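Fold and contact review
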Amino acid sequence: MSTLTTIGFDADDTLWENEHFFRLTEAHFAELLADYAEPEHLAARLLDAEKRNLAHYGFGIKGFTLSMIETAIEITDGKVPGDIIGRIVAAGREMLSHPVNTLPHVHDTLEALTASHTLVLITKGDLFDQERKLAQSGLGEFFNAVEIVSDKSPATYSTAFARHGDGPEHAMMVGNSLRSDVLPAIQAGGWGTYVPHDLTWDYERAEEPANLPRFTKIETLADLAPLIERLKG
């Protein structure tokens, strides 16, 4: 195999918890709009708004909050009370200060790999929020480079791994999203390693690929270093 010199890591729900806070806020949103819509209908309308707004607001909490406000206006035919809008804004602001809880095996895995590989953090989302979470996680020292991007495509990985490594053919991307972390990295010529998380945003779901030699799946990050050792053989 080509020598693996560079490993890219997703951040949210790969290194630390993230979707959990979105789910809690969405449940609160459903309570606020309980007089206007059933939770399932409201969730579907919110997801539609989020997807529609990605091109305008990008990924992250601020876009999510604006999509909640837009959905509230649509669901109520423009009659949503001002205090509910205020509480939606407050919920979004609270999300921007939530604690950073790293996932199991993250610290030990990064520590084990940083001596032998170039480690690159490649994450979507709001610049300030992602920088805050990285700083609070205490994981920044393990990474040779950080890329906070608007979206993840094959071109994103080709550029990042050429800038910080020896090109995508010598790189692996590790993450919990098949759609954003794994498949486009493989399409760019690299390896894609899927680490499932119990909570995954519907937008990020995709079918696991079959018969792709550079696709791997592990249960936790504790399995990553042994996987890399096996690939060397």
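Okay, so let's go over this structure. (Residues numbered from 1 in each chain as written. Predicted model: local features only at pLDDT ≥ 70, side-chain atom pairs only at ≥ 80, totals over all residues. Heavy atoms only, no water.)

**Side note on the overall build of the protein chain**
Along its length, the protein chain carries 9 helices and 6 strands. In terms of C-alpha radius of gyration, the protein chain reaches 19 Å, essentially the compact-globule figure of 17 Å for 233 residues. When the backbone C-alpha atoms are referred to their principal axes, the protein chain occupies close to 65 × 35 × 30 Å. By residue count, 50% of the 233 residues in the protein chain fall in the buried class. Counting every atom, the protein chain has about 11,000 Å² of accessible surface; 51% of that belongs to carbon and sulfur. The distance from the centre of the 19 positive side-chain charges to the centre of the 36 negative ones in the protein chain is 3 Å. (Helix = DSSP H or I, 4+ residues; strand = E, 2+ residues; numbered from the N terminus. Rg over C-alpha atoms; globule rule 2.2 N^0.38 Å. Buried < 20%, exposed > 50% of the residue type's maximum accessible area, 1.4 Å probe, protein only. Areas by Shrake-Rupley, 256 points an atom, 1.4 Å probe, with all protein chains shown as cover. Lys, Arg positive; Asp, Glu negative; His and termini not counted. Charge placed at Lys NZ, Arg CZ, Asp CG, Glu CD.)

**Focus: the nonpolar core**
Counting 26 residues, the largest nonpolar core has Phe9, Leu15 and Leu224 as its most contacted members. Listed by contribution, the elements that provide at least two residues to this core are strand E1 (6–9), helix H5 (106–113), strand E2 (118–124), strand E4 (171–175) and helix H9 (224–232). Excluding anything up to four places from it in sequence, phenylalanine 9 contacts Leu15, Leu110, Leu113, Leu119, Val120, Leu121, Ile122, Phe143, Met173, Val174, Leu221 and Leu224. Listed in part, the 18 residues of the second largest apolar core include Ile61, Ile69, Ile84 and Ile88. (Core = buried A, V, L, I, M, F, W, Y, C linked by side-chain atoms within 4.5 Å. Contact = heavy atoms within 4.5 Å.)

**Structural notes on H5**
For H5, the set of buried residues is Val106, Thr109, Leu110 and Leu113. One face of H5 carries all of its buried residues, which in axial projection span an arc of 95°. Against E1, E2 and H9 lie the buried residues of H5. (Arc of directions from axis to C-beta.)

**Points about the side chain of serine 177**
For serine 177, the location among the structural elements is in the loop between E4 and helix H8 (178–187). Within the structure, the side chain of serine 177 is placed 3.4 Å from the backbone nitrogen of arginine 179, a separation counted as a polar contact. Here the side chain of serine 177 touches glutamate 204 through a polar contact of 2.7 Å, side chain to side chain. Excluding residues that lie within four positions of it along the chain, serine 177 makes contacts with Val182 and Glu204. (Polar contact = N/O pair within 3.5 Å; in protein donor to acceptor, adjacent residues only side chain to side chain.)

**Some words on the sheet that holds E4**
With parallel pairing, the 6 strands of this open sheet are ordered in space as E3-E2-E1-E4-E5-E6. Whereas interior strands pair on both sides, the edge strands pair on one side only; in this sheet they are strand E3 (145–149) and strand E6 (215–217). Shown here is a sheet whose adjacent strand axes are inclined to one another by a mean of 20°, direction ignored. Pairing between E1 and E4: 4 bridges, direction parallel. Each residue of the ladder has a partner; that of isoleucine 7, found in E4, is methionine 172. Relative to the sheet, H8 contacts E2, E4, strand E5 (191–194) and E6, its axis offset from that of E5 by approximately 155°. (Pairing = 2+ DSSP bridges. Axes fitted to C-alpha atoms, helices over the stretch in contact; angles between N-to-C directions.)

**Concerning the packing of helix H1 (residues 19–32) against helix H4 (residues 82–95)**
Packed helix pairs are characterised by how far apart their axes lie and by the angle those axes make with each other. Put simply, H1 and H4 touch, their axes get as near as 11 Å, and they point 170° apart. Of the possible angle classes, the one that applies to H1 and H4 is roughly antiparallel. Along its contact with H1, which presents Phe21, Phe22, Thr25, His28, Phe29 and Leu32, the element H4 presents Ile84, Arg87, Ile88, Ala91 and Met95. Of the residues in the contact of H1 with H4, the class split is 8 nonpolar, 2 polar and 1 charged. (Parallel < 35°, antiparallel > 145°, perpendicular 65-115°, else oblique. Nonpolar A, V, L, I, M, F, W, Y, C, P; charged D, E, K, R; others polar.)

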